[in-house]
Amino acid sequence: MMKHDPINDKILRALAKDGRISNLQLAEAVGLSPSACLRRVQELERSGVIKGYRARLDPVQTGRAYVVYVAVGLAEHTKAAQTGFEIAMQRADEVTECHNVAGAFEYMLRVEVADLPAYKAFHTETLGTVPHVRSITSYMVMGSPKDTRG
C-alpha cells in the first residue's frame, strides 16, 4: 500500500483536477523535480491508488444533460435479488453510478439521459421491469454548483 503524505496528496488533487497536466507542470505545482514527480505518479498508478484517467464530457453535447438521482427499494433482501438488480443496472447505459446504500432504500443511482421523456422511458422500460424493485423515488437535478467528479 502506498504511503500517504502531503506531496502525494498534492499530486492526487492536481491530477483529479486535470488528468492531462504535463509532468513538468505537475512537478512545479507540487514542488518536486520532474523525475521525482514521475516516479511518484508511476508508483501511485502501480499501487492502484490511481485507477485511471477520464475525459469530462459536455452533457448537453452528448445528449445526457438531464440528470436524475434515483432511490430504489427492493421487495426482497436476498443476495439473489441484489445480484439480479446490480446486473440489470450494469446493462443500463443510462445508469452512470449504482451504489448499494444503508437506510430507507437499498440503491442510489445516478441516471443521465437527454430529457424527461427519455427518463420516463428508462423509468418504465428498464427500472419498471427489473424483478424485486419495490419502490422508485426520483430526484431531478436542478443545478450542480459543485461537482468534483473526474
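Residues numbered from 1 in each chain as written. Predicted model: local features only at pLDDT ≥ 70, side-chain atom pairs only at ≥ 80, totals over all residues. Heavy atoms only, no water.

Enquirer: Would you mind going over the pairing of strand E1 (residues 66-74) with me for this structure?
Expert: With respect to burial, E1 is a largely interior element, 7 of its 9 residues being buried. In this structure, E1 lies alongside strand E3 (residues 107-113), joined through 7 bridges in antiparallel fashion. Within the sheet, the bridge partner assigned to Val 68 lies in E3 and is Val 111. Across 7 bridges, the pairing between E1 and strand E4 (residues 133-140) is antiparallel. Within the sheet, the bridge partner assigned to Val 72 lies in E4 and is Ile 136. (Buried < 20%, exposed > 50% of the residue type's maximum accessible area, 1.4 Å probe, protein only. Helix = DSSP H or I, 4+ residues; strand = E, 2+ residues; numbered from the N terminus. Pairing = 2+ DSSP bridges.)

Enquirer: In this structure, what is going on with the side chain of Asp 5? I would like to understand it.
Expert: With respect to the helices and strands, Asp 5 occurs in the segment before helix H1 (6-17). When its relative accessible area of 12% is taken as the criterion, Asp 5 is described as buried. Within the structure, the side chain of Asp 5 is placed 3.1 Å from the backbone nitrogen of Ile 7, a separation counted as a polar contact. Of the polar contacts made by the side chain of Asp 5, one reaches the backbone nitrogen of Asn 8; its length is 2.7 Å. (Polar contact = N/O pair within 3.5 Å; in protein donor to acceptor, adjacent residues only side chain to side chain.)

Enquirer: Please clarify how the environment of Leu 15 should be interpreted in this entry.
Expert: Position of Leu 15 among the secondary structure elements: in helix H1. With 114 residues separating them in the primary sequence, Leu 15 and Thr 129 have C-alpha atoms 40 Å apart. Sequence-distant contacts of Leu 15, that is, excluding residues within four places in its chain, are made with Ile 21, Leu 26, Val 41, Ile 50 and Tyr 53. (Contact = heavy atoms within 4.5 Å.)

Enquirer: Mind showing me how you'd approach the packing of aromatic side chains here?
Expert: The description of two aromatic rings rests on the distance between their centres and on the angle between their planes. Following the criterion strictly, the structure yields 2 aromatic pairs and no others. On the basis of an interplanar angle of 40° and a centroid distance of 4.5 Å, the ring pair of Phe 85 and Tyr 107 is categorised as tilted. In this pair, Phe 85 sits in helix H4 (residues 79-91) while Tyr 107 sits in strand E3, placing the two residues 22 residues apart along the sequence. Here the two residues Phe 85 and Tyr 107 agree in accessibility, since each one is buried. Between Tyr 119 and Phe 122 the ring centres are 6.1 Å apart and the planes differ by 40°, which places this aromatic pair in the tilted class. Within this pair, Tyr 119 and its partner Phe 122 are both found in helix H5 (residues 116-125), separated by 3 residues, close to a single helical turn. With respect to class, Tyr 119 is no different from Phe 122; both count as buried. (Phe/Tyr/Trp six-rings, centres within 6.5 Å; stacked < 30°, edge-to-face > 60°.)

Enquirer: For this particular structure, what's the right way to read the pattern of salt bridges?
Expert: Two side chains of opposite charge can pair, provided their charged atoms sit close to one another. Inspection of every chain in the model, using the stated rule, returns 6 salt bridges. Residue Arg 64 pairs with Glu 112 through a salt bridge whose shortest N-O separation is 3.6 Å. Of this pair, Arg 64 sits in the loop between helix H3 (34-46) and E1 while Glu 112 sits in strand E3, placing them 48 residues apart in sequence. For Arg 149, the salt bridge is made with Asp 147, and the minimal N-O distance between the two is 2.6 Å. For Arg 149, a relative accessible area of 35% gives the class partly exposed. For Asp 147, a relative accessible area of 33% translates into the label partly exposed. (Salt bridge = Lys/Arg side-chain N within 4 Å of Asp/Glu carboxyl O.)

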